[in-house]
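Structural description and commentary
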2 protein chains.
Amino acid sequence: MTLTPPAPALVGDPLASVGTPSLLIDLDAFEANLRDTAAFVAGHGVALRPHAKAHKSSAIAQRQLEAGAVGICCQKLSEAYPFAAAGVRDIHVTNEFVGRDKLLMATELASHVRLSVCVDALPQVRALGEAAASAGVTIDVLPEIDVGQNRCGVTTHDGLFELVEAIAAHPGLRFAGLQAYHGGAQHIADWAARKDTANRAAERAGTFVRALEARGVRCARVTGGGTGTFEFDVASGVYTEVQPGSYAIMDGEYGGIAWHGAVRPRNSLFVLSTIMSATRPGMVVCDVGLKGLAVDAGLPREVTWAGSEGPPLAYIAANDEHGKLETVGAPKTDTTQFLGQRVLVTPGHCDPTVNLHDQYVCFRGERVEAIWPIDARGLSR
Amino acid sequence: MTLTPPAPALVGDPLASVGTPSLLIDLDAFEANLRDTAAFVAGHGVALRPHAKAHKSSAIAQRQLEAGAVGICCQKLSEAYPFAAAGVRDIHVTNEFVGRDKLLMATELASHVRLSVCVDALPQVRALGEAAASAGVTIDVLPEIDVGQNRCGVTTHDGLFELVEAIAAHPGLRFAGLQAYHGGAQHIADWAARKDTANRAAERAGTFVRALEARGVRCARVTGGGTGTFEFDVASGVYTEVQPGSYAIMDGEYGGIAWHGAVRPRNSLFVLSTIMSATRPGMVVCDVGLKGLAVDAGLPREVTWAGSEGPPLAYIAANDEHGKLETVGAPKTDTTQFLGQRVLVTPGHCDPTVNLHDQYVCFRGERVEAIWPIDARGLSR
């Protein structure tokens, strides 16, 4: 039996008829983010390579490339496939990997796109070098250096030298520069403290670059940075390329940090949700919970009424498919009038929220203008 | 270009070659859970209607029906579609809904399966009654009563009487009993306190049942309960049907509560992950983070080595695609030897974790025995 749920929205629909929960993109804000960020980064003579792990959509990647991006980043090899299939020609996997299935993916991808990957240990280099040789492909390799994240990456210059020498020993591998990402710096709320942390990360990256130069090895690319720090990274003189991902759509966490520089991406991402129960004074229940909103960065901090008026709301609890909303400030009165009304919820953390949805419903004003598949959703290998 | 990632596993593969991260089911534990729970519930003369929101897989629903379940529960209408398409004939949607797209789904589903749904407000009844009449279908309706969850559901007998009368006024609707679920009771760690809370919920449900009986209305079904309380619910004399979902696969949260009764489902769900970086003493980094593990119930509490030996590990931080693991107790020594080794991570909360994956890799002993699609993944409307 072919029995599938109807589409939640079609191009041209009024926003008021979109089925819920749905993941929305406000195209005006989204396009401004793409344009302003590209211009800002280009103005510093640095390359923009947006991180596709945030949006997981080849439709967005194509718009980023049209806006001047040199390529994209992915966090996993399987994630790179839909982008490669959609015609993205330059993909950097900002992560280490181990295992035969991963090597198969790397060599397959490298036969279709210019692929670069990260390493931080000799066994990864050896396995990749053998796989590249036997597949007859060339893979750019960027050792990851630790610039403060305390997660992956080599921590010493000697460790880096070993990797660079090992890469040089494999004809299928090409040393292409350094991966230097400090995730912990991205969400520091205080702008000056964030700048300081970013600058220290760049300085640390600089010491690795100069240590290699002293040995006659040039780093063509030094890549890293994210939405919270790219405004500093582009001015560092160290990074040749920045990797912001969230900037296109943003989220509650990034919206909650201070922005005092020349660039400030706007939130363009929302989950549209319907009040499906309202039996208690001062409380309503909406139809999006843990299966439509990631809560690793806390509960959503912003909920606004969509197409109607009502008291301010706070999202106070997320169950699997329920969100409990409480009226703020107002006396806790009857809420039955709000049954069927709709709200816009700003996700706390965009990346894992996007990964829960199959498509973006893109709107301008009050109308659905496009539906973009989230074609890399769930691709975590 | 057709370019898609290779399958992470095929039937017959050794577990040691399964691509990571992958969601695994240990079939021996899973089958014991299905068998033991069905026998326990049947022994009390109560119907078992497993909640499919936990596993989201028609392959599992079919096995639950073969083991004696009378039907299944879904939490959303769209979620019910793959089960209906796979031949499940009796589906109870344990939730309220509002909106034209929802009414279309309800009437379409009701033309294929015996559908029951919940209401807790008169406008829902009116809209559903009109939709059912115009579609020429019959929908069973179970008003939800609040038995302690403080979320949805009517809170007074008068509120229930109004709904029952309104349902009776619509020829396309049939009053079929009561939905009485107390989610907050499910994870109470202390067994006696959980039993006490469950019994009070059943008592409260009983007062609604008797109030209806006093008006000549019989409740053919009183349905509710979950994995944490069904052992009490079946003995309550009030519930005619229980709705456990997690019992088939379990998770860290349910594994962490006390079980002193005659039934104790075993954990059968794991995420298999590879150590892809190990550059720091006392720490390794695995390839599953927020996009393969839900952390709403906290970080995973159990990580064990798969196919190799090593020091005890604690999962200390989840990034999008990284899990930081620390060695426990042992001195913080070099960990490079563990690069490429694999671990089994027990998810903290099964429902939203399952919703991140597209398939279960089901194993027995050391071999992959089946691949089951998670065909309701992402269906949250």
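Keep in mind that this is a model prediction, so the values were computed, not measured.

Concerning the overall build of chain A
Looking only at helices and strands, one finds ten helices and 18 strands in chain A. Relative to a compact globule of 381 residues, whose C-alpha radius of gyration would be 21 Å, chain A shows 22 Å and is just as compact. Referenced to the eigenvectors of the C-alpha coordinate spread, the extents of chain A come out at roughly 75 × 55 × 35 Å. Scored against the burial criterion, the 381 residues of chain A give a buried share of 64%. Of the contacts formed within chain A by residues at least 6 apart in sequence, a portion of 70% connects residues at least 24 apart. Within the structure as shown, chain A displays about 12900 Å² of accessible surface, and the carbon and sulfur contribution to it stands at 52%. In chain A, the 33 positive side-chain charges and the 41 negative ones have mean positions that sit 2 Å from each other.

Thoughts on the side chain of A:Asn95
Within the fold, A:Asn95 resides in the loop between strand S4 (90-93) and helix H4 (100-110). Among the polar contacts made by the side chain of A:Asn95, one reaches the main-chain carbonyl oxygen of A:Gln75 at a distance of 3.1 Å. Polar contacts involving the side chain of A:Asn95 include one to the side chain of B:His322, which spans 3.1 Å. Ignoring sequence-local partners within four residues, the contact set of A:Asn95 consists of A:Gln75, A:Lys76, A:Cys118, B:Met276, B:Glu321 and B:His322.

Examining the sheet that holds S4(A)
Residues and elements named next belong to chain A. If you walk across this open sheet you meet the five strands as S3-S4-S5-S6-S7, and the pairing is parallel. Among the strands making up the open sheet, the edge pair consists of strand S3 (72-74) and strand S7 (173-175). Averaged over all pairs of adjacent strands, the angle between strand axes in this sheet comes to 30°, irrespective of strand direction. When strand S5 (residues 114-119) meets strand S6 (residues 139-143), the two strands line up parallel, connected through four bridges. For Ser 116, the partnering residue across the bridge sits in S6 and is Asp 140.

Points about the relation of the copies chain A and chain B
Each copy superposes on the other: chain A lies on chain B with an RMSD of 0.0 Å after a rotation of 180° and an axial shift of 0.0 Å. Expressed as an axis order, the relation between the two copies is that of a two-fold axis. Both copies share a contact surface, since 100% of the interface residues of chain A are interface residues in chain B too.

Description of the pattern of salt bridges
All names here are of chain A. This model, assessed by the stated rule, comprises 44 salt bridges over all chains. Note that Arg 364 is salt-bridged to Asp 28, the shortest N-O span being 2.8 Å. Linking Arg 364 in strand S17 (residues 359-364) with Asp 28 in helix H1 (residues 27-43), this pair joins segments that are 336 residues apart in sequence. Taking the shortest distance from any N to any O, the salt bridge between Arg 49 and Glu 241 comes out at 2.8 Å. In this pair, Arg 49 sits in the loop between strand S2 (47-48) and helix H2 (58-66) while Glu 241 sits in strand S10 (residues 241-242), placing the two residues 192 residues apart along the sequence. Assigned by exposure class, Arg 49 and Glu 241 land together as buried. Counted as one network, the salt bridges with shared partners bring together Asp 28, Glu 31, Arg 364 and Glu 369.

Remarks on the sheet that holds S2(A)
Residues and elements named next belong to chain A. As summarised here, the arrangement of the four strands in space is S2-S10-S9-S8, forming an open sheet in which the pairing is parallel. Strand pairing shows two members of the sheet lacking a second neighbour, S2 and strand S8 (177-179), which therefore form its edges. Bridging between strand S9 (residues 221-224) and S10 involves two bridges; their strand directions are parallel. Bridging from a neighbouring strand, Thr 223 pairs with Glu 241 of S10.

A closer look at the pairing of strand S16 (residues 342-346) of chain A
Remember that side chains alternate between the two faces of the sheet whenever the strand is regular. Residues and elements named next belong to chain A. Taken across its five residues, S16 has five buried, putting it largely inside the fold. Note that strand S11 (residues 269-280) and S16 share four bridges and pair antiparallel. For Ser 273, the partnering residue across the bridge sits in S16 and is Val 343. Pairing between strand S13 (residues 302-306) and S16: five bridges, direction antiparallel. Its bridge partner being in S16, Glu 302 is matched across the sheet by Thr 346.

Some thoughts on the interface of chain A and chain B
Listed by partner, the interface residues are 71 residues for chain A and 71 residues for chain B. Roughly 6000 Å² is buried in total at the junction of chain A and chain B, and carbon and sulfur atoms are behind 57% of that figure. Across the chain A-chain B interface, the total number found is eight salt bridges. Of the charged contacts, one joins A:Lys53 and B:Asp320 as a salt bridge, the two residues approaching to 2.9 Å between their closest N and O atoms. Listing elements by their share of the side of chain A that touches chain B, those giving two or more residues are helix H3 (77-85), H4, helix H5 (122-135), S11, strand S12 (283-286) and helix H10 (350-354) of chain A. In terms of residue count, S11(A) provides more of the side of chain A that touches chain B than any other element does, six residues in total. Residues belonging to the side of chain A that touches chain B are distributed by class as follows: 26 nonpolar, 22 polar and 23 charged.

Overview of the packing of helix H4 (residues 100-110) of chain B against helix H5 (residues 122-135) of chain B
Residues and elements named next belong to chain B. In contact at an axis separation of 10 Å, H4 and H5 are set at 50° when each is read in the N-to-C sense. In terms of orientation, H4 and H5 fall into the oblique class. The chirality of how H4 crosses H5 is right-handed. Listed contacts from H5 to Leu 103, Ala 106 and Thr 107 of H4 are Ala 127, Leu 128, Ala 131, Ala 132 and Ala 135. In terms of residue class, the contact of H4 with H5 is made up of seven nonpolar, one polar and no charged.

A short note on the environment of B:His92
Residues and elements named next belong to chain B. For His 92, the position within the fold is in strand S4 (residues 90-93). Residue His 92 is classed as buried on the basis of its relative accessible area, which comes to 0%. Between the C-alpha atom of His 92 and that of Gln 75, which follows or precedes it by 17 residues, the distance is 8.3 Å. Apart from the residues lying within four places of it in its own chain, the contact partners of His 92 are Arg 49, Ile 72, Cys 73, Cys 74, Ser 116, Val 117, Cys 118, Leu 142, Gln 179, Arg 221, Thr 223 and Gln 243.

So, the environment of B:Gly172
Residues and elements named next belong to chain B. Along the polypeptide, Gly 172 turns up in the loop between helix H6 (157-168) and strand S7 (173-175). Given a relative accessible area of 6%, Gly 172 falls into the buried group. Counting along the chain gives 42 residues from Gly 172 to Glu 130, while the straight-line C-alpha distance between them is 7.9 Å. Leaving out residues up to four positions away in the same chain, Gly 172 has contacts with Ala 132, Val 137, Thr 138 and Ile 139.

Examining the pairing of strand S17 (residues 359-364) of chain B
Residues and elements named next belong to chain B. As defined by bridge partners, strand S1 (residues 22-26) adjoins S17 across four bridges and the pair is classed as parallel. Paired with Leu 23 across the strands is Tyr 360, a residue of S17. Inspection of the sheet shows S17 paired to strand S18 (residues 367-373) by six bridges, in the antiparallel sense. Within S18, the position partnered with Val 361 by the bridge is Ile 371. The loop that links S17 with its antiparallel partner S18 comprises two residues; one of these, Gly 365, has a positive phi angle of about 60°.

Thoughts on H5(A)
The end-to-end C-alpha separation of H5(A) is 20 Å, in line with the 20 Å expected for 14 residues at 1.5 Å each. Within H5(A) the residues assigned to the buried category are A:Gln124, A:Val125, A:Leu128, A:Gly129, A:Ala131 and A:Ala132. Against H4, S5, S6, helix H6 (157-168) and S7 of chain A together with strand S11 (269-280) of chain B lie the buried residues of H5(A). Of the residues flanking the end of H5(A), it is A:Gly136, one or two places downstream, whose phi is positive at about 70°.

What counts, and at which threshold
- Residues numbered from 1 in each chain as written.
- Chains lettered and ligands numbered in written order.
- Predicted model: local features only at pLDDT ≥ 70, side-chain atom pairs only at ≥ 80, totals over all residues.
- Heavy atoms only, no water.
- Helix = DSSP H or I, 4+ residues; strand = E, 2+ residues; numbered from the N terminus.
- Rg over C-alpha atoms; globule rule 2.2 N^0.38 Å.
- Buried < 20%, exposed > 50% of the residue type's maximum accessible area, 1.4 Å probe, protein only.
- Contact = heavy atoms within 4.5 Å.
- Areas by Shrake-Rupley, 256 points an atom, 1.4 Å probe, with all protein chains shown as cover.
- Lys, Arg positive; Asp, Glu negative; His and termini not counted.
- Charge placed at Lys NZ, Arg CZ, Asp CG, Glu CD.
- Polar contact = N/O pair within 3.5 Å; in protein donor to acceptor, adjacent residues only side chain to side chain.
- Pairing = 2+ DSSP bridges.
- Axes fitted to C-alpha atoms, helices over the stretch in contact; angles between N-to-C directions.
- Least-squares fit on C-alpha atoms with pLDDT ≥ 70 in both.
- Salt bridge = Lys/Arg side-chain N within 4 Å of Asp/Glu carboxyl O.
- Buried area = accessible area lost by both parts, 1.4 Å probe.
- Nonpolar A, V, L, I, M, F, W, Y, C, P; charged D, E, K, R; others polar.
- Parallel < 35°, antiparallel > 145°, perpendicular 65-115°, else oblique.
- Left-handed = near helix turned anticlockwise from the far one by under 90°.
- Expected span 1.5 Å × (residues − 1).

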